[in-house]
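Understanding the architecture of this molecule
These are the residues of each chain, in order.
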Amino acid sequence: MRRSAPLLFFMLFFTGLALGQRKNIGQFAVWKPKEGKASAFEEGFEPHLNWHKENGDKWNWYSWYVVSGERFGLFIDGTFDLAWSDFDHPVDPIADMADNQKNVAQYADLKNLYKVVNVQEYSTKNTFDYTLGIARLLTVKVYDTPELDRLLKALYEVYIQKGVKSFKTFKTVDAGNLNEVIIFLGFSNWQEYGASENILREISAIEQKMSGKVVKDITSETLAFESEMSYFGSGDGKE
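Attention here is on the structure that accompanies the text. The shown structure was predicted, so the numbers you read here are calculated from the model rather than taken from an experiment.

Description of the overall build of the protein
The helix and strand inventory of the protein stands at six helices and nine strands. Here the protein, with 239 residues, has 45% of them falling under the buried criterion. Sequence-distant contacts in the protein: of pairs separated by 6 or more residues, those separated by 24 or more amount to 84%. Carbon together with sulfur atoms contributes 53% to the accessible area of the protein, which is approximately 13,100 Å² in total.

Here it is as C-alpha cells:
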C-alpha cells in the first residue's frame, strides 16, 4: 500500500526526532593538576561536586586518574547517557563556571573537552559499571571504512565470550579526531584486567580477515576510579 507524502514526512520527522533524543552521548574532560597543586585540586573538586548536588544536577559525573600510559597523572572526568538536547539545559552554567573557577580551574589546566557517542550495539548494557576500580581505555585511530563496524562487532563478541561485563564502545563526535574509536573496559581487579592482555593480538587477528586496513594506531591507558571525586545525580552510579 502506498503511503501519502504527508504521512511519510511525519513518520520520518518523528523517527529523526526520536533518534535525536537517544541517551547515547557522553562527554570527557581531561585535567592536568598544576605543579605542586594536586592536593589542592582534589580538595577543590569535591566542593565543586557538592555545588552540583546542591543545585539539583541529575547528571552522573565519574572520575579517574590515569595510572599508566602517555597521559600518566592526568585526571579525567566524564558524564554519559545523555541526549544532545540535555546539553542545551545544563544546571545554571554561569554559576557552574564561577564555582569551577573558584574551586578547580586555579589548581589544574583543562587539557581537552570532547563529546562521544556510545555505539550501543557493541556495548554491554545491564551489566556495565563505570565505577569498577580499574579501567582500560583504548583509543583507536581508524580509517573511515565500512569494515570498521565488522571489527568492532567482532571485538565486542570476543569479550562477551570471555565473560567481561563492562565493555563500552564510543566514537568521537566533537572536538577531537573524528576518525577515532574509544573502547572502555571496566574491571574489579587486576586479575580480571588480565583478560585484556592480548587485545592487540585479538584486534590484529580480526583485521586480517577484513578486505582492507581498518586500524591506524592504538593507544592503551589504565585508569583508576576515584569514588570520592564522583557524583551521581541519578542516585545510581551504574547504568
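Concerning the pairing of strand β8 (residues 215-225)
In the sheet, strand β2 (residues 60-68) pairs with β8 via four bridges, with the strands oriented antiparallel. The residue bridging Val-66 from the neighbouring strand is Leu-223, located in β8. Taken together, the nine bridges between strand β5 (residues 134-142) and β8 define a ladder with antiparallel strand orientation. Along β8, the bridge assignment pairs Val-142 with Val-215.

So, helix α3 (residues 93-105)
Along an α-helix, residues three or four apart share an orientation, since each turn contains 3.6 residues. Along its 13 residues, α3 runs just 15 Å from first to last C-alpha, ending more than 12% under the 18 Å computed at 1.5 Å per residue. Of all the bends in α3, the greatest, near 25°, is centred on Asp-99. Along α3, the residues that are buried comprise Asp-96, Asp-99, Asn-100, Asn-103, Val-104 and Ala-105.

Describing helix α4 (residues 147-161)
For α4, with 15 residues, the first-to-last C-alpha span of 21 Å sits near the 21 Å given by 1.5 Å per residue. Where the residues of α4 are buried, they touch β5, β6 (167-174), β7 (180-187), α6 (199-207) and β8. Positive phi shows up at Gly-163, right after α4, with a value of about 85°.

Let's talk about the nonpolar core
Residues Leu-151, Leu-155 and Ile-183 are the most contacted members of the largest nonpolar core, which totals 25 residues. At six residues, the largest contribution of residues to this core is made by α4. Once residues lying within four places of it in the same chain are set aside, the contact partners of Leu-151 are Ile-203, Ile-206, Glu-207, Met-210, Val-214 and Val-215. In terms of nonpolar packing, the next biggest core, distinct from the first, is built from 19 residues, Tyr-130, Phe-170, Phe-184 and Leu-223 among them.

Details of unusual backbone geometry
Look at Asp-92: it is not a glycine, yet its phi comes out positive at around 35°. Looking at the secondary structure, you find Asp-92 in the loop between β3 (75-82) and α3. A positive phi angle, near 60°, is found at Ala-175, a position not held by glycine. Within the secondary structure, Ala-175 sits in the loop between β6 and β7. Relative accessible area serves as the criterion here: at 48%, Ala-175 is assigned to the partly exposed category.

A word on the packing of helix α2 (residues 38-54) against α3
Running from N to C, α2 and α3 point in directions that differ by 160°, and their axes come no closer than 8 Å. By the angle between their axes, α2 is roughly antiparallel relative to α3. As α2 packs across α3, the resulting crossing turns out to be right-handed. Note on element contacts: α3 touches α2 through Ala-95, Asp-96, Asp-99, Asn-100, Asn-103 and Val-104, opposite Phe-41, Gly-44, Phe-45, Pro-47, His-48, Trp-51 and His-52. Considering only residue class, the contact of α2 with α3 consists of six nonpolar, five polar and two charged.

Concerning the pattern of salt bridges
Across all of its chains, the model carries nine salt bridges by this definition. In this structure, Lys-23 engages Asp-86 in a salt bridge whose closest nitrogen and oxygen atoms are separated by 2.9 Å. Here the residue Lys-23 occupies a position in the loop between α1 (5-20) and β1 (25-33), and Asp-86 occupies one in the loop between β3 and α3, the gap between them amounting to 63 residues. Close ionic contact of Lys-141 with Glu-180 constitutes a salt bridge, the shortest N to O distance being 3.7 Å. With Lys-141 in strand β5 and Glu-180 in strand β7, this pair connects stretches of sequence that are 39 residues apart. In this structure Lys-141 comes out as partly exposed when scored by relative accessible area, which is 28%.

What counts, and at which threshold
- Residues numbered from 1 in each chain as written.
- Predicted model: local features only at pLDDT ≥ 70, side-chain atom pairs only at ≥ 80, totals over all residues.
- Heavy atoms only, no water.
- Helix = DSSP H or I, 4+ residues; strand = E, 2+ residues; numbered from the N terminus.
- Buried < 20%, exposed > 50% of the residue type's maximum accessible area, 1.4 Å probe, protein only.
- Contact = heavy atoms within 4.5 Å.
- Areas by Shrake-Rupley, 256 points an atom, 1.4 Å probe, with all protein chains shown as cover.
- Pairing = 2+ DSSP bridges.
- Expected span 1.5 Å × (residues − 1).
- Bend = angle between axes of the 7 residues up to and from the residue.
- Core = buried A, V, L, I, M, F, W, Y, C linked by side-chain atoms within 4.5 Å.
- Axes fitted to C-alpha atoms, helices over the stretch in contact; angles between N-to-C directions.
- Parallel < 35°, antiparallel > 145°, perpendicular 65-115°, else oblique.
- Left-handed = near helix turned anticlockwise from the far one by under 90°.
- Nonpolar A, V, L, I, M, F, W, Y, C, P; charged D, E, K, R; others polar.
- Salt bridge = Lys/Arg side-chain N within 4 Å of Asp/Glu carboxyl O.

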